[in-house]
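Architecture and fold: a report
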Amino acid sequence: MHDLFLPKWVGLRKSFRRRAGRLFLDAIQIEVTSRCNIRCVMCPVTVLAGRWASHHLPWETFLRVARAFTSTKFVHLQGWGEPLLNPRLFDMIKVAKDAGCRVGFTTNGTLLGEVASQRLLDLHLDLLAVSIAGATPQTHAAIRVGSDLLQILNNLRRLLDLRARQKVPHPKVEIFFLMTKTNMAELPAVVDLTASMGADELVATNLDYVPTEDQNGLKAFACHSLRQAFASAIEDAKGRAKAAGLAFRAYPLDPEEVAVCDANPLKILFISCDGKVSPCTYLGLSIPSEIPRVFNGQNLSVPRAWFGDIREQELEEIWKGPEYRAFRQRFVARRNAAVARSLTVIAGFTPASHRVFPPAPDACHSCPKLFGA
């Protein structure tokens, strides 16, 4: 690990070389493993266990992806599994950092021990997102089954303490709170917890992919009967966050169609641990059959969407393939329509409430992300 302490001019030289090249992606998301050590009630790893393919991304496959790191700004090393289970995660971080990329991943926090925390600091990881589902151990454990909230919080405090003692700014530590019907009342208390630990930001996210009716019943998103109570919890959380000086953002409670979802398939792609290149995690699940999805009360099946295999092709070749370009062009048309509409609204020709987009790709019509989830 001594080569981490190379002179600063080496890093600057690499950064200059990278900027001089052509960037075509904001981020590459890589599923370093589809395995997990807990069983969250809403996760396809749990719900689709009978069909789920559990394995780590092979090192050789990762190295093929790494050839494209000079074409992206950010590398996110996470898919549907727990990244810290992959024994080569730290090597992957180093390769991406050496390529001049910002690097981050999302974790359930259970394996964030002292040794792992120190290695992440040594590697200058840029972003660490930790997922929790409550302010109390009981609420959290009922959703993220097999994990102990107190252990996760202790792990986080230790990492943040190490960061403070070493006087380094990174990694930025974000807490991700999954909003559900069963835990929304605890969101304000989660703000207090996050602020007391010294984490950098709290993000309240929606349960956006639901494979069966059981998970659909958990959603706080588009839950009209409880909307007022949920909105009050978010407002309380915002007030507490402002008072504590904590960065806080909450995803919307109400569905509203967007031109391009925040998975942003125009500038981001997802590579699953079997090497398939997809527009996002929601279309790249590790199952051999069609992807089950509940949307607007309907049980649907959506084909897994992938446009190439990184084990067989270079990433830029896949990105430029005709089918992948046609997929993205549907979102380009929607984005252009949104811009044109905004201009006509500003000019006073179109009512602000009037919104019509060209159709999204078929696989995206029934995805809650297209409606702001």
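Above: the structure in question.
To keep things clear, this report deals only with the structure shown in the data block. Every chain is numbered on its own, with residues counted from 1 as its sequence reads. Whole-chain, interface and lining totals are the exception, using all residues; otherwise, since this is a predicted model, local features are given only for residues with pLDDT of at least 70 and side-chain atom pairs are given and counted only at 80 or more. No hydrogens and no water enter the side-chain calculation; it runs on all heavy atoms of the structure.

Brief notes about the overall build of the chain
Secondary structure summary: the chain contains twelve helices and 13 strands in total. Throughout, radius of gyration means the C-alpha value; the globule benchmark is 2.2 Å times the number of residues raised to the power 0.38. Computed over its C-alpha atoms, the radius of gyration of the chain comes to 21 Å, within 12% of the 21 Å expected for a compact globule of 373 residues. By its C-alpha atoms, the chain is 60 × 50 × 50 Å across when sized along the principal axes. Exposure categories follow from relative accessible area, calculated using a 1.4 Å probe and restricted to protein chains: below 20% of the type maximum is buried, above 50% is exposed, and the middle band is partly exposed. Classification of the 373 residues of the chain by burial places 53% in the buried group. Two residues form a contact once any of their heavy atoms are found within 4.5 Å. Considering only contacts in the chain between residues 6 or more positions apart, those separated by 24 or more positions represent 75%. Using the Shrake-Rupley algorithm and a 1.4 Å probe, accessible areas are obtained, with residue cover drawn only from the displayed protein chains. Per element, the accessible surface of the chain, about 16800 Å² overall, is 55% carbon and sulfur. For helices the rule is a DSSP run of H or I covering at least 4 residues; for strands it is a run of E covering at least 2, with both sets numbered from the N terminus onward.

Notes on the sheet that holds strand S5 (residues 127-132)
Two strands qualify as a pair provided that DSSP identifies no fewer than 2 bridges between them. Taken in spatial order, the nine strands line up as S9-S8-S7-S5-S4-S3-S1-S10-S11 in an open sheet, and their pairing is mixed. What marks the edges here is a single partner per strand, and that holds for strand S9 (247-250) and strand S11 (277-278). Bridge count for S5 against strand S7 (residues 172-179) is six bridges, and the pairing is parallel. Within the sheet, the bridge partner assigned to Leu 128 lies in S7 and is Val 173. Each axis is a line fitted through C-alpha atoms, taken for helices only over the stretch in contact, and angles between the N-to-C directions span 0 to 180 degrees. The sheet strands contacting helix H7 (residues 149-165) are S5 and S7, and the helix crosses S7 at an angle near 160 degrees. The sheet strands contacting helix H8 (residues 187-197) are S5, S7, strand S8 (201-206) and S9, and the helix crosses S8 at an angle near 150 degrees.

Things to note about the packing of aromatic side chains
Two rings from Phe, Tyr or Trp (for Trp, the six-membered ring) form a pair when their centres sit within 6.5 Å of each other. Planes less than 30 degrees apart are called stacked, planes more than 60 degrees apart edge-to-face, and all others tilted. Within this structure, the stated rule accounts for ten aromatic pairs. With 5.4 Å between their ring centres and 20 degrees between their planes, Trp 59 and Phe 62 make a pair best called stacked. In this pair, Trp 59 and Phe 62 are both assigned in helix H3 (residues 59-66), three residues apart and thus about one turn of the helix distant. For Phe 62, a relative accessible area of 0% puts it in the buried group. Measuring from centroid to centroid gives 5.8 Å for Phe 327 and Phe 331, while their planes differ by 55 degrees, and the two rings are tilted. Linking Phe 327 with Phe 331, this pair stays in helix H12 (residues 322-347), spanning four residues, or about one helical turn. For the residue pair Phe 327 and Phe 331, the accessibility class agrees, reading buried in each case. Put simply, the rings of Phe 24, Phe 307, Trp 319, Tyr 324, Phe 327 and Phe 331 touch in pairs and so form one group of aromatic residues. The residue whose ring lies beneath Lys 276 is Trp 306, and the NZ or CZ to ring-centre distance is 4.8 Å. Here, a charge over a ring means that NZ of Lys or CZ of Arg falls within 6 Å of the ring centre while also lying within 35 degrees of the ring normal. If you follow Arg 328 out to its NZ or CZ, it ends over the ring of Trp 319, 3.8 Å from the centre.

Looking at the pairing of strand S4 (residues 102-107)
Moving residue by residue along a regular strand, the side chains alternate between the two faces of the sheet. In terms of burial, S4 is a largely internal element, five of the six residues being buried. Note that strand S3 (residues 72-76) and S4 share three bridges and pair parallel. Directly across from Phe 74, in S4, lies its bridge partner Arg 102. Looking down the strands as they point away from the viewer, one classifies a crossover as right-handed if the path from the first strand across the helix to the second runs clockwise. In this fold, the crossover linking S3 to S4 by way of helix H4 (residues 89-98) has right-handed handedness. With helix H5 (residues 114-122) bridging S4 and the parallel S5, this β-α-β connection has right-handed handedness.

As for the packing of H3 against H4
In contact at an axis separation of 11 Å, H3 and H4 are set at 15 degrees when each is read in the N-to-C sense. In terms of orientation, H3 and H4 fall into the roughly parallel class. The two elements H3 and H4 cross, and the hand of that crossing is right-handed. Side by side, H3 and H4 meet where Trp 59, Phe 62 and Ala 66 of the first sit next to Asp 91, Met 92 and Val 95 of the second. Note on angle classes: values under 35 degrees are labelled roughly parallel, values over 145 roughly antiparallel, values of 65 to 115 roughly perpendicular, and the remainder oblique. Handedness of a crossing follows from how the near helix is turned relative to the far one, being left-handed for an anticlockwise turn of less than a right angle and right-handed for a clockwise one.

Side note on the state of the cysteines
Cysteine sulfur atoms are paired as a disulfide whenever they come within 2.5 Å of each other. Using the criterion set out here, one finds zero disulfides in the structure. Cys 40 forms no disulfide, and the closest cysteine sulfur to it belongs to Cys 43, at a distance of 5.9 Å. Overall, the relative accessible area of 6% leaves Cys 40 in the buried class.

Re the environment of Pro 265
Structurally, Pro 265 can be placed in the loop between S9 and strand S10 (268-271). Using a relative accessible area of 4% as the deciding quantity, one classes Pro 265 as buried. Excluding residues within four positions of it along the chain, Pro 265 makes contact with Val 260, Pro 279, Trp 319, Phe 327, Arg 328 and Phe 331.

Side note on the nonpolar core
In plain words, nonpolar cores are sets of buried Ala, Val, Leu, Ile, Met, Phe, Trp, Tyr and Cys residues tied together by side-chain atoms within 4.5 Å. Formed by 74 residues in total, the largest nonpolar core has its most connected members in Ile 28, Ile 30, Phe 69, Leu 77 and Ile 93. With sequence-adjacent residues up to four places away left out, Ile 93 is seen in contact with Leu 77, Val 103, Phe 105, Leu 120, Leu 123 and Leu 125.

Structural notes on the side chain of Gln 78
By the element assignment, Gln 78 lies in the loop between S3 and H4. Apart from the residues lying within four places of it in its own chain, the contact partners of Gln 78 are Gln 29, Ile 30, Glu 31, Pro 83, Phe 105, Thr 106 and Phe 270.

Brief notes about the pattern of salt bridges
We define a salt bridge as a side-chain nitrogen of Lys or Arg found within 4 Å of a carboxyl oxygen belonging to Asp or Glu. All told, the structure shown has 22 salt bridges when counted by the stated rule. One salt bridge in this structure joins Asp 200 and Arg 163, with 2.8 Å as the shortest N-O distance. In this pair, Asp 200 sits in the loop between H8 and S8 while Arg 163 sits in helix H7, placing the two residues 37 residues apart along the sequence. Classification of Asp 200 by relative accessible area gives partly exposed; the value is 29%. Asp 309 is the salt-bridge partner of Arg 311, the closest N and O atoms lying 2.6 Å from each other. Residue Arg 311 is classed as partly exposed on the basis of its relative accessible area of 43%. Overall, Asp 309 belongs to the buried group, its relative accessible area being 4%. Through salt bridges that share partners, Lys 172, Glu 174, Glu 201 and Arg 249 make up one connected network.

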